[in-house]
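A structural walkthrough
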Amino acid sequence: MPINGEFIVSVLLGCIADDFTGATDLASFLVQSGMRTVQLIGVPTEPVDLSDTDAVVIALKSRTLPSEVAVAQSIEALEWLKSLNCEQYYFKYCSTFDSTEKGNIGPVTDALLDNLKESFTILCPSLPVNGRTVYKGNLFVNDELLSESGMRNHPLTPMTDSNLMRVMAAQSSGKVGLVPFDIVSQGADRVKRALSKLAHEHRYAVVDTLSNNDLHVIGEACADLMLLTGGSGLSVGLAKNFVDKGLFEIRNNSAELSKVKGEAVVLSGSCSVMTQKQVARFKESFLSMKISPLDLKSGKSSLADALTWFEKNRNVGALMFYATDTPENIRFVQEQLGVEQASELVENFMADLVSALDKKGVTKFIVAGGETSGAVVKALNPSMLKIGASIAPGVPITEIVGYSPKLIALKSGNFGDELFFENALEMMQ
Ligand SMILES: Nc1ncnc2c1ncn2[C@@H]1O[C@H](COP(=O)(O)OP(=O)(O)OP(=O)(O)O)[C@@H](O)[C@H]1O
Ligand SMILES: O=C(O)[C@@H](O)C(=O)CO
């Protein structure tokens, strides 16, 4: 088992996130709840000093991997977290329950439960502050059912069923129950009793959630579950549990990040509805370059072209590179190239671009899209991100901890409002 070297300490909460924007999303909520939190990029290969840390979030890029690979990576992360003697573990997936047809939420949850010798956990993707609620086990995105929202057109994980019990049952090994809203509305003790009852015959319980207050109720009811699974919202009540157990005192929230001078670039590979609006809005005031997977494939455009364009315009102000496109255009590209190759072309391009821009001295990056963020952050190769103030709920500014400070914001596809990129630039000044 990998051990965190000489730095063995106790951390209260050990988290595994299935993508990079999801990891910063969770880390920002934990920081806001008063827990000193670090985000690690993958499982560390060197010992890390976590002596002033209450929660650790290991960011994986496992959401769309083949299930067996996602399971292996998640177990490796869990084993590492176990060496920190965590009180509780947390599997963070998307607030829109994004998964491929075969998984990976089910297989990873099963493997984590087995590894921890546990037989029951909850499923709570809800994040009401960003419009994700669950009612009668059905996931809503603002006023729409998940299956009728923009998520039905997601390039990699199209979500066409809103019923979480059905989605989970199709990709996991156990029975899925429900804690309905009328129980949640009666408070934490009632939810706790309902969970204990369900645990006799079920392996997972979807929990209805309509408001932030419900998340506190659910958090309190889950104080004694070893493994929690959900979106970032479920984390909001956990700090209080640790306080109540006498394990922890609420700390100041977000870390002071370094003042970083230099240019900023926006990189968008997200095709989510909100990102499309943000890209359109940003284009009204800033220069941008569109990246087409078909042109990358045919050689009609290349990294060299992008860098020439960057050099020509870098003095004008912040610049944006975007592959963001409409569902119709994405479908056309995917028909030509296949889903995998289309995303790979974009992700590899964004990764090569960020490495080149880093060498050219760009110090601030605003990235849209979870898979895209994974590719970009891996290319920058940090071991740790420090979590700063939030630009929008679930999207903090982070600092890449290393020899030359850099700021990076990783935005989940549908997070933030139309002015997100402009606000991010301003906050990074
Ligand atoms: N024009 C395009 N044609 C085909 N695929 C594209 C195009 N632009 C982006 N993609 C791919 O679509 C995927 C978008 O996923 P990504 O996770 O980055 O965004 P998102 O799903 O909106 O974000 P999140 O997961 O944080 O909600 C990426 O793999 C990206 O490479
Ligand atoms: O939970 C969310 O919606 C986000 O943190 C995310 O995981 C997007 O990829």
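Residues numbered from 1 in each chain as written. Chains lettered and ligands numbered in written order. Predicted model: local features only at pLDDT ≥ 70, side-chain atom pairs only at ≥ 80, totals over all residues.

Moving on, we come to the overall build of the chain. Counting secondary structure elements, the chain contains 15 helices and 18 strands. By principal-axis analysis of the C-alpha atoms, the chain measures approximately 65 × 45 × 35 Å. Every one of the 429 residues in the chain was classed for burial, and the buried ones make up 52%. Contacts in the chain between residues far apart in sequence, at least 24 positions, make up 75% of those at least 6 positions apart. (Helix = DSSP H or I, 4+ residues; strand = E, 2+ residues; numbered from the N terminus. Buried ≥ 20, exposed ≤ 12 C-beta atoms within 10 Å, placed from the backbone. Contact = placed C-beta atoms within 7 Å.)

All right, on to the UniProt feature "domain: Four-carbon acid sugar kinase N-terminal" (unreviewed entry) in the chain then. The residues that UniProt annotates with the feature "domain: Four-carbon acid sugar kinase N-terminal" (unreviewed entry) are residues 13-236. Span residues 13-236 is 34% helix and 21% strand, its end C-alpha atoms 12 Å apart. (UniProt positions renumbered as here; feature names shortened; annotations may be inferred.)

This paragraph deals with the domain arrangement of the chain. Here the chain is partitioned into domain 1 (5-244) and domain 2 (264-428). Contact with domain 1, which involves 27 residues of that partner, is made by 27 residues of domain 2. For the side of domain 1 that touches domain 2, the element with the most residues is helix 1 (residues 20-32), which contributes nine residues. Here the side of domain 1 that touches domain 2 is composed, by residue class, of twelve nonpolar, eleven polar and four charged. (Domains from an automatic or database assignment. Nonpolar A, V, L, I, M, F, W, Y, C, P; charged D, E, K, R; others polar.)

Glancing now at the nonpolar core. Grouped together as the largest cluster of nonpolar side chains are 132 residues, with contacts concentrated most on Cys-15, Val-56, Val-57, Ile-58, Ala-205, Ile-218 and Leu-267. Ranked by residues supplied to this core, first place goes to helix 13 (residues 339-359) with eight residues. Viewed by domain, this core spans two of them, domain 1 (5-244) and domain 2 (264-428), each represented by three or more residues. If we ignore the near neighbours within four places in the chain, the residues touching Val-57 are Cys-15, Ala-17, Ala-23, Leu-26, Ala-27, Thr-37 and Gln-39. (Core = buried A, V, L, I, M, F, W, Y, C linked by C-beta atoms within 7 Å.)

Across the five residues of strand 12 (residues 264-268), five count as buried, placing the element largely inside the fold. Of the two faces of strand 12, the one holding Ala-264, Val-266 and Ser-268 and the one holding Val-265 and Leu-267 are both buried throughout. In this sheet, strand 14 (residues 319-322) lies alongside strand 12 in parallel orientation, the contact comprising four bridges. Note that in strand 14 the partner of Val-266 across the bridge is Met-320. (Pairing = 2+ DSSP bridges.)

The next point concerns the sheet that holds strand 8 (residues 144-145). The antiparallel open sheet is built from three strands, whose spatial order is 6-7-8. The sheet terminates laterally at strand 6 (132-135) and strand 8, the two strands that pair on one side only. In the sheet, strand 7 (residues 138-141) pairs with strand 8 via two bridges, with the strands oriented antiparallel. The residue bridging Val-141 from the neighbouring strand is Glu-144, located in strand 8.

Take the site of ligand 1 next. The full set close to ligand 1 counts 26 residues, and Ser-270, Ser-343, Gly-369, Gly-370 and Gly-413 are the nearest of them. Elements supplying a minimum of two residues to the shell around ligand 1: helix 12 (327-337), helix 13 and helix 14 (370-380). Looking at the shell around ligand 1, the element that brings in the most residues is helix 13, giving four residues. A class-by-class count of the residues in the shell around ligand 1 yields nine nonpolar, 13 polar and four charged. Shared between two domains, the shell around ligand 1 takes at least three residues from each, and those domains are domain 1 (5-244) and domain 2 (264-428). (Near = placed C-beta within 6 Å.)

Attention now moves to the pairing of strand 16 (residues 384-392). Counting buried residues along strand 16, seven of its nine residues qualify, which places the element largely inside the surrounding structure. Bridging between strand 2 (residues 37-41) and strand 16 involves two bridges; their strand directions are antiparallel. What sits directly across from Gln-39, in strand 16, is Leu-385. Relative to strand 17 (residues 395-400), strand 16 runs antiparallel, the two being bridged by five bridges.

Surveying the vicinity of ligand 2 reveals 13 residues, the closest of which are Gly-22, Asp-25, Ser-95, Gly-370 and Ser-412. Looking at the shell around ligand 2, its residues break down into one nonpolar, ten polar and two charged.

Let's shift gears to the environment of Pro-396. Tracing the chain through its elements places Pro-396 in strand 17. For the pair Pro-396 and Val-43, spaced 353 residues apart in the sequence, the C-alpha separation amounts to 22 Å.

To continue, consider unusual backbone geometry. In this structure, Asn-104 follows Gly-103 across a cis peptide bond, with omega equal to 10°. Structurally, Asn-104 can be placed in the loop between strand 4 (88-92) and helix 3 (105-115). Positive phi, close to 55°, is recorded for Asn-142, a residue that is not glycine. Tracing the backbone through its elements, the reader meets Asn-142 in the loop between strand 7 and strand 8. What makes Asn-142 exposed here is the crowd of 10 C-beta atoms within 10 Å. With a phi close to 55°, Asn-381 is a non-glycine residue in the positive phi region. Within the fold, Asn-381 resides in the loop between helix 14 and strand 16.

Moving on to the confidence of the model for the chain. Detailed reading of the predicted coordinates is not advisable wherever pLDDT is low. Mean pLDDT for the chain: 94, with 97% of residues reaching 70 or above. Across the interface, the model reports ipTM at 0.97; the global pTM reads 0.93. (pLDDT = per-residue confidence, 0-100.)

For helix 13, built from 21 residues, the straight-helix expectation of 30 Å at 1.5 Å per residue is met to within 8% by its first-to-last C-alpha distance of 31 Å. Phi turns positive, to about 100°, at Gly-361, one or two residues after helix 13. (Expected span 1.5 Å × (residues − 1).)

Between helix 11 (residues 303-313) and helix 13, whose axes approach to 10 Å, the crossing angle comes to 40°. When the interaxial angle is binned, helix 11 and helix 13 end up oblique. For helix 11 against helix 13, the interelement crossing comes out right-handed. Taken together, the residues of helix 13 that come into contact with helix 11 (itself represented by Leu-303, Ala-306, Leu-307 and Phe-310) are Phe-349, Asp-352, Leu-353, Ala-356 and Leu-357. Its residues assigned to classes, the contact of helix 11 with helix 13 shows eight nonpolar, no polar and one charged. (Axes fitted to C-alpha atoms, helices over the stretch in contact; angles between N-to-C directions. Parallel < 35°, antiparallel > 145°, perpendicular 65-115°, else oblique. Left-handed = near helix turned anticlockwise from the far one by under 90°.)

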